[in-house]
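Results of the structural survey
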Amino acid sequence: MTLRPADGPGAEQKVTSFGPGFRYAPFWSPDSKSIAFIDQAMRIRLVDVATGRVTEIDRSPDWIAHGGLEASRIQWSADSRWVTYARPAATSNNAIFLYDTKAGARHQVTSAT
């Protein structure tokens, strides 16, 4: 993952390397310290922009086609502590999950029925 200033001038900053594969749209945290995204392997990951540390916070138990991955949305709380997203749960129906970035804990907050 490489970042560069939005206004054009300035050097690129290589944050981390992932190797081959496809990553979908990045979702910046409100404090601009982290980026969340989903990849072709249906993993939801967080990248710490300052350190390049990558944390896998979740992975879909079911296969999701390209269109579903492309349409995936990840939301951040205003204080950048919580990440929320929907993905298939054990029943193959979607459920909503919250991830606490401070505690490193994932919580399923809706049923998947």
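Presented here is an overview of the structure given in this document. (Residues numbered from 1 in each chain as written. Predicted model: local features only at pLDDT ≥ 70, side-chain atom pairs only at ≥ 80, totals over all residues. Heavy atoms only, no water.)

1. Here's the deal with the overall build of the protein chain
- If you tally the helices and strands in the protein chain, you get one helix and 10 strands.
- Ordered by position from the N terminus, the helices and strands of the protein chain form the series β-β-β-β-β-β-α-β-β-β-β.
- At 15 Å, the protein chain has a C-alpha radius of gyration in line with the 13 Å of a compact globule built from 113 residues.
- Projected onto the principal axes, the alpha-carbon positions of the protein chain cover approximately 50 × 30 × 20 Å.
- Classification of the 113 residues of the protein chain by burial places 36% in the buried group.
- Expressed as a percentage of contacts within the protein chain between residues at least 6 apart in sequence, the contacts between residues at least 24 apart total 33%.
- Summed over its atoms, the accessible surface of the protein chain is roughly 6700 Å², and 52% of this surface lies on carbon and sulfur atoms.
- Measuring between centres, the 13 positive side-chain charges of the protein chain sit 4 Å from its 11 negative side-chain charges. (Helix = DSSP H or I, 4+ residues; strand = E, 2+ residues; numbered from the N terminus. Rg over C-alpha atoms; globule rule 2.2 N^0.38 Å. Buried < 20%, exposed > 50% of the residue type's maximum accessible area, 1.4 Å probe, protein only. Contact = heavy atoms within 4.5 Å. Areas by Shrake-Rupley, 256 points an atom, 1.4 Å probe, with all protein chains shown as cover. Lys, Arg positive; Asp, Glu negative; His and termini not counted. Charge placed at Lys NZ, Arg CZ, Asp CG, Glu CD.)

2. What to know about the environment of Ser-80
- Here Ser-80 shows up in the loop between strand 7 (75–76) and strand 8 (82–88).
- A residue is classified by how much of its surface remains accessible, and Ser-80, at 7% relative accessible area, is buried.
- Separated by 29 residues in the primary sequence, Ser-80 and Val-109 have C-alpha atoms spaced 18 Å apart.
- For Ser-80, the contacting residues outside a window of four places in its chain are Ser-29, Pro-30, Asp-31 and Thr-101.
- A polar contact of 3.0 Å, which involves the side chain of Ser-80, links it to the backbone nitrogen of Asp-31. (Polar contact = N/O pair within 3.5 Å; in protein donor to acceptor, adjacent residues only side chain to side chain.)

3. Side note on the side chain of Asp-58
- Following the sequence through the fold, Asp-58 ends up in strand 6 (residues 54–59).
- Engagement of the side chain of Asp-58 in a polar contact is seen with the side chain of Tyr-85, the distance being 2.7 Å.
- Separated by 3.3 Å, the side chains of Asp-58 and Arg-106 make a polar contact.
- When near neighbours in sequence (up to four residues on either side) are disregarded, Asp-58 contacts Met-42, Arg-43, Ile-44, Tyr-85, Arg-87, Phe-97 and Arg-106.

Shape descriptors only; they carry no functional weight alone.
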